[in-house]
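Inside the fold
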There are 2 protein chains.
Amino acid sequence: MNMKNFILKGDICFSRSKEELSCVEQGYLVCTDGICRGVFREIPQAYAGLSVQNWEHAMILPGLYDLHVHAPQYAFAGTGMDLELLKWLETRTFPEEERYADPEYARKAYGLFARKLKESATVRACIFGTIHREATQILMEELEKTGLKTMVGKVSMDRNASAGLLEPGPFAAARSVCQWLDGVSGKYENVKPVVTPRFVPACTEELLGELGKICEERKLPVQSHLSENPSEIAWVKELCPWAESYAEVYEHFGLLGMPEAPAVMAHCVYSGESENEKKLLRENPVYIAHCPQSNTDLSSGIAPVRRYLEEGMLVGLGTDIAGGHKMSVFQTMAEAIQVSKLRWRLADDSLAPLRTEETFYLGTKGGGSFFGKVGSFEPGYELDAVIIDEERLSTPARLSMKERLERIIYLSEDRDVVGKYVAGEKIF
Amino acid sequence: MNMKNFILKGDICFSRSKEELSCVEQGYLVCTDGICRGVFREIPQAYAGLSVQNWEHAMILPGLYDLHVHAPQYAFAGTGMDLELLKWLETRTFPEEERYADPEYARKAYGLFARKLKESATVRACIFGTIHREATQILMEELEKTGLKTMVGKVSMDRNASAGLLEPGPFAAARSVCQWLDGVSGKYENVKPVVTPRFVPACTEELLGELGKICEERKLPVQSHLSENPSEIAWVKELCPWAESYAEVYEHFGLLGMPEAPAVMAHCVYSGESENEKKLLRENPVYIAHCPQSNTDLSSGIAPVRRYLEEGMLVGLGTDIAGGHKMSVFQTMAEAIQVSKLRWRLADDSLAPLRTEETFYLGTKGGGSFFGKVGSFEPGYELDAVIIDEERLSTPARLSMKERLERIIYLSEDRDVVGKYVAGEKIF
């Protein structure tokens, strides 16, 4: 018997597009061979033999996708929040990341991280490790066991960091990436590697060039940070005066993605201010990982996400632990709406706040498409799903399906996730 | 044996002032007759006979104070968040509040509300009911059972609401308040009444005048809304063209508090823009209930809290369910910091973001002082305390006491509250 053949019965919501939410009360979600065959009001004859799991007081949603999270920072999430980005990296983040030179520490911390990710509503994620090969491999092992689909990057950095995090020159740093890639090649079913320059200030141009070559040769995706904070952007201008925009530095070195292996750039808070950068983001296969909580916690600013969507850019959501404090894509959705309202009120009322439908799309189908055909219950999608128990949110008020979804976005916690499937595999 | 005599042992944090956090590892918090006698590193001889409760993996904090929350709105918290204040009141809030004409509905909904409040870290709160006398009495009964100390208001409104929520003229509305006050007088140990005009647009001047008289005669505190949203403020200007500021309307009718019974005004997002209003807030015994989540969710704006603190105004925090979505003062603290950062970045960099110490103060000693000498562990304070289990937040990172407190603010959930005391009484 194929375990990937089943039907989930319950109240089902998913995005068809950023405008259109599809809600079916007491519908049947059909999965065969790990692929979604659609949502039906009655079980179609062709699927009559499949086992049906019945969920009451629960909502069945596509899984959530976290496009940007730092695994080694989970251990200190929610601390040091009175600092801005560069100061925070120097005093809080780098000293903690140095500890991952110790495999024993990494095993402990990454075990906690993987367990937390597994319990959450997130089904797939793009994850930063540290510069350490061994620790990053431990992270991959811990994640492999969860069954979630993840992309993991050994971080590269050869300038402007604490001594313990500096790799000895661009070529040694690039060799270390290749050794790591060779070491993990074919080793995991669920975890794939992604090339990960920390950000321009921490990587010499030589190193960026080498990493671009690795992407090209091995057809690997890339993840990094882009235009997060005004001081960081000014610094990049100083370091690379030849580039018209921050994004152009990555583009110049082949680090803005390929059709078969797109890139994820976290933040893009200020990309809207540069026509050159916007053009590069439109014309390359780049996902913007919008991280509203992090951009608030580190006083970075508010990305003009509505503009990016209007201009046809690819946008998903990131929790950005530990720039952000809470590893929950539901809360990221809520905060994406919240900060868009404050941006509308305080800075630019030409961009309407994001709506529930839109942010739900960003956290499911929008960001999900980075990983393939996932994030929706339309026929042909890989079946990722989470079951949210609404018992704890029960109320005598009369709520529509959309309002129940809103409450899940704003009020649910990890413990309300009572079932989870990735590519048709039951995680719990 | 007096149950209000005991010692709590554990890691203890509390505010002495908005700048100064006091943290004692493995200290002894002494309570006799419900009054805090101080925090000690060793048990003083005079208290040697008291029973000691030992809390490990836990932090002992003063309880939290919620200066503004609408009990009837808890049932639909987290829905309708794509609307601004006036539209939200009309389409979401008023229809739901009408349902409290039915005592059976009120019993169900208020039972849930009271249970949730009891489970949270909140120890005392200022609470709005609806216009309905019977439902408001049910709310008071449900709250009395929790043991928490609360101020509850039957709402008054005689204009600009849906038919089902309009009281029949100012004098009938005032009579209804008196009947309610007479009906509940002396009935509850923990729940006290507070005069509650909804806000100026929903109360005729005659009604405001009558309510001012009731406050004066009965020496009762008042709670209402002030300068929340630009459209609301413009409306008040239209309705009361004679007043130099929104606050002056309340002041004119004796609704800005008395020394023995201060007022709570929720929001004050735009009070900083009127010298007249700021003066009235400084010169009257008025607490500003800062509600950052609500002000974000309803796109109202961001209150300049640092300015209010610098000018010596009284400020506490409010969750403002269901303008805000989450009934957690810890989360309100986090969002107070978050929005102050965005205000600094987007609107006015002359006001530095709020710091952890400052918002912790606002949610404890700052807002607590509305209820008397509570909110701190200095000797002579009524002993309100919550025990936060940090097991779920455990980490291999090295954290200071202040960082642990930060994590509790940013990451804890109600289920982490494992013990609670109000005025020396054990709640659980």
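Rules used throughout
Residues numbered from 1 in each chain as written. Chains lettered and ligands numbered in written order. Predicted model: local features only at pLDDT ≥ 70, side-chain atom pairs only at ≥ 80, totals over all residues. Heavy atoms only, no water. Helix = DSSP H or I, 4+ residues; strand = E, 2+ residues; numbered from the N terminus. Rg over C-alpha atoms; globule rule 2.2 N^0.38 Å. Contact = heavy atoms within 4.5 Å. Areas by Shrake-Rupley, 256 points an atom, 1.4 Å probe, with all protein chains shown as cover. Lys, Arg positive; Asp, Glu negative; His and termini not counted. Charge placed at Lys NZ, Arg CZ, Asp CG, Glu CD. UniProt positions renumbered as here; feature names shortened; annotations may be inferred. Core = buried A, V, L, I, M, F, W, Y, C linked by side-chain atoms within 4.5 Å. Buried < 20%, exposed > 50% of the residue type's maximum accessible area, 1.4 Å probe, protein only. Polar contact = N/O pair within 3.5 Å; in protein donor to acceptor, adjacent residues only side chain to side chain. Least-squares fit on C-alpha atoms with pLDDT ≥ 70 in both. Pairing = 2+ DSSP bridges.

For chain A, an unreviewed UniProt entry supplies the name Amidohydrolase family protein and the organism Candidatus Blautia merdavium.

When helices and strands are counted, chain A shows 13 helices and 17 strands. A globule of 428 residues ought to have a C-alpha radius of gyration of about 22 Å, and chain A, at 21 Å, matches this closely. For the C-alpha atoms alone, the extent of chain A along its principal axes is close to 60 × 50 × 40 Å. Within chain A, counting contacts between residues at least 6 apart in sequence, those at least 24 apart form 76% of the total. For chain A, the accessible surface area stands at approximately 14,400 Å², while carbon and sulfur atoms represent 48% of it. Distance between charge centroids for chain A: 4 Å, based on 48 positive and 62 negative side chains.

Per the UniProt record, "domain: Amidohydrolase-related" (unreviewed entry) is annotated on residues 59-425 of chain A. As a span, residues 59-425 of chain A carries 42% helix and 16% strand, and end to end its C-alpha atoms are 19 Å apart.

Bringing the nonpolar core into the picture now. Counting 263 residues, the largest nonpolar core has A:Leu61, A:Phe113, A:Ile127, B:Leu61, B:Phe113 and B:Ile127 as the members making the most contacts within it. Residue contacts for A:Leu61: discarding those within four places in its chain leaves A:Cys13, A:Phe330, A:Phe360, A:Phe377, A:Asp384, A:Ala385, A:Val386, A:Ile388, A:Leu405 and A:Ile408. Within the second largest apolar cluster, 16 residues are counted, among which are A:Ile12, A:Ala58, A:Phe377 and A:Ala385.

This part is about unusual backbone geometry. Cis geometry is adopted by the peptide bond preceding A:Ala322, which originates at A:Ile321 and carries an omega value of 5°. Even without glycine at this site, B:Asn160 takes up a positive phi of about 55°. Among the structural elements, B:Asn160 can be located in the loop between strand 8 (155-156) and helix 4 (170-184).

With that settled, the discussion passes to the side chain of A:Glu357. Tracing the backbone through its elements, the reader meets A:Glu357 in helix 12 (residues 356-368). A polar contact is formed between the side chain of A:Glu357 and the side chain of A:Lys402, at a distance of 3.4 Å. Here A:Glu357 is in contact with A:Ser15, A:Lys18, A:Glu19, A:Leu21, A:Lys402 and B:Asp82, once residues within four sequence places are set aside.

For the rest of this paragraph, the subject is the relation of the copies chain A and chain B. Superposition of the two copies of the chain requires a rotation about an axis and a shift along the axis. Structural alignment of chain A on chain B gives an RMSD of 0.0 Å, achieved by rotating through 180° and translating 0.0 Å along the axis. On this basis, the relationship between the two copies can be described by a two-fold rotation axis. Looking at chain A, 100% of its interface residues are interface residues in chain B too, so the copies touch through the same face.

Turning our attention to the sheet that holds strand 16 (residues 417-422) of chain A. Through backbone hydrogen bonds, the strands of a sheet pair up, either in parallel or in antiparallel fashion. Residue and element names in this part refer to chain A. Here seven strands make up an open sheet; going across it, the order is 3-2-1-4-15-16-17 and the pairing mixed. Either end of the sheet is taken by a strand with one partner, and the two such strands are strand 3 (35-40) and strand 17 (425-426). When strand 4 (residues 52-61) meets strand 15 (residues 385-389), the two strands line up antiparallel, connected through four bridges. Considered in strand 15, the bridge of isoleucine 60 is made with isoleucine 387.

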